[in-house]
Amino acid sequence: MNPQAKLIFISSLLLGTTITISSNHWIMAWTGLEINTLAILPLISKSHHPRAVEAATKYFLVQAAASALVLFSSMTNAWHTGQWDITQLTHPTSSLILTAAISIKLGLVPFHFWFPEVLQGSSLTTGLLLSTAMKFPPITLLYMTSSSLNPTLLTTLAVLSAALGGWMGLNQTQIRKIMAFSSISHLGWMAIIIIYNPKLTLLNFYLYTLMTAAVFLTFNSMKVLKLSTLMTAWTKAPSLSTTLLLTLLSLAGLPPLTGFLPKWLIIQELTKQDMILAAVTMSLLSLLGLFFYLRLAYCATITLPPHTTNHMKQWHNNKPINPMIAILTTMSIMLLPMSPMMASAL
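What you see is a predicted model; the values in this text were computed from it and never measured.

**Let's talk about the overall build of the chain**
If you tally the helices and strands in the chain, you get 16 helices and 0 strands. Here the C-alpha atoms of the chain give a radius of gyration of 20 Å, agreeing with the 20 Å that 2.2 N^0.38 yields for 346 residues. Its C-alpha atoms put the chain at 70 × 50 × 40 Å along the principal axes. Buried residues in the chain amount to 51% of all 346 residues. For the chain, contacts bridging at least 24 residues in sequence account for 76% of all contacts bridging at least 6. For the chain, the exposed area adds up to about 15500 Å²; of that, 71% sits on carbon and sulfur atoms. A distance of 19 Å separates the average location of the 17 positive side-chain charges in the chain from that of its 6 negative side-chain charges.

**A closer look at the UniProt feature "domain: NADH:quinone oxidoreductase/Mrp antiporter transmembrane" (unreviewed entry) in the chain**
If you check UniProt for "domain: NADH:quinone oxidoreductase/Mrp antiporter transmembrane" (unreviewed entry), the listed places come out as residues 23-288 in our numbering. Segment residues 23-288 splits into 76% helix and 0% strand. End C-alpha atoms: 38 Å apart.

**Things to note about the pattern of salt bridges**
Tallied over the entire structure, the rule returns 3 salt bridges. A salt bridge links Lys58 to Glu117; the shortest N-O distance between them is 3.8 Å. One end of the pair, Lys58, is in helix H3 (residues 50-81); the other, Glu117, is in helix H5 (residues 114-121), and 59 residues separate them in sequence. Sharing partners across several salt bridges, the network here consists of Glu54, Lys58, Glu117 and Lys177.

**Some thoughts on the packing of aromatic side chains**
For the coordinates displayed, the defined rule picks out 7 aromatic pairs. Seen from their ring centres, Phe260 and Trp264 are 5.6 Å apart, and the 15° between their planes marks the pair as stacked. Placement of the pair is Phe260 and Trp264 together in helix H14 (residues 260-272), with a separation of 4 residues, close to one helical turn. Residue Phe260 is classed as partly exposed on the basis of its relative accessible area, which comes to 25%. Relative to Tyr293, the ring of Phe292 has its centre 5.0 Å away and its plane inclined at 50°; by these criteria the two rings are tilted. Overall, Tyr293 belongs to the buried group, its relative accessible area being 3%. A connected cluster of aromatic rings, assembled from ring pairs, spans Tyr59, Trp114 and Phe115.

Cut-offs and rules
Residues numbered from 1 in each chain as written. Predicted model: local features only at pLDDT ≥ 70, side-chain atom pairs only at ≥ 80, totals over all residues. Heavy atoms only, no water. Helix = DSSP H or I, 4+ residues; strand = E, 2+ residues; numbered from the N terminus. Rg over C-alpha atoms; globule rule 2.2 N^0.38 Å. Buried < 20%, exposed > 50% of the residue type's maximum accessible area, 1.4 Å probe, protein only. Contact = heavy atoms within 4.5 Å. Areas by Shrake-Rupley, 256 points an atom, 1.4 Å probe, with all protein chains shown as cover. Lys, Arg positive; Asp, Glu negative; His and termini not counted. Charge placed at Lys NZ, Arg CZ, Asp CG, Glu CD. UniProt positions renumbered as here; feature names shortened; annotations may be inferred. Salt bridge = Lys/Arg side-chain N within 4 Å of Asp/Glu carboxyl O. Phe/Tyr/Trp six-rings, centres within 6.5 Å; stacked < 30°, edge-to-face > 60°.

Take a look at the structure:
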């Protein structure tokens with residue numbers, strides 16, 4: 001892709017995100033979401049492969065439907081209350097429609113079907129944008145309207161997302177699809193706590209973005225798209241494979257790694273809200289995710305390829321590790337263990 005064109009699309013993504021997260025009026029928030037959708041479409045379909053074009057078409061149709069619902073919800077609220085302010089979404093029907101619209105935009109169950117397909121049709125870098133940057137504007141809208149959302153509906157969507165995200169990821173062999181189901185299951189953790197403690201949702205999102213960026217950039221550096229290729233990656237980049245193992249375990253939420261922090265705080269908050277059953281259910285469902293992260297980690301570091309492999313034997317790659325991967329991986333692994341040390345030093 002032409003560098004100038006890429007610059008325009010990335011700038012438009014930043015502009016759309018900034019407009020949405022800084023707006024008070026529903027029309028401005030909607031405009032930002034539309035700019036984002038239109039800017040990411042060329043990045044999805046840039047390879048001109050039929051799968052990429054199909055992914056871009058699916059993404060466009062789903063996001064257009066969700067944007068129409070956002071507009072419909074805000075107009076219904078304005079009709080009943082005379083308010084266009086985002087934080088004044090008080091009409092119950094409007095908040096239900098908005099929850100559905102944002103769930104479609106994020107890929108929460110039962111509106112998750114488009115997300116693995118779109119991610120599978122995109123490159124790893126575009127997949128990273130879809131899993132992180134494109135989720136930020138809808139989450140900020142949920143954050144701003146959290147006081148008027150329906151707790152039962154969101155808890156149901158969250159538990160279903162954690163269940164299906166973990167369950168459907170078990171059988172996948174494609175790395176991008178595994179990461180898509182991982183994203184769906186993490187969104188479940190964010191959705192369950194948004195009403196009770198919105199700041200925790202944002203913390204969870206920031207840490208999820210950090211760890212997912214580290215994993216996607218590592219896979220991109222190794223040129224790995226499926227499990228069978230990942231099995232041969234150890235001989236090519238042993239140090240990168242070792243750090244990938246720890247980052248994946250952090251993404252799974254194992255203590256004492258960074259990924260354990262949001263899960264720990266969310267379970268604590270749910271317990272304070274007397275939602276013991278929800279807390280236990282979410283904790284047990286995270287074991288499903290742990291299984292496929294362990295599977296990825298096992299393939300990356302412990303499996304040696306059989307002699308009958310179809311892949312060419314890879315030799316040591318002496319290329320230095322990208323500093324961005326090094327920083328993100330270190331933070332993904334060490335942020336939680338180091339924080340008490342930094343707090344005591346201060």
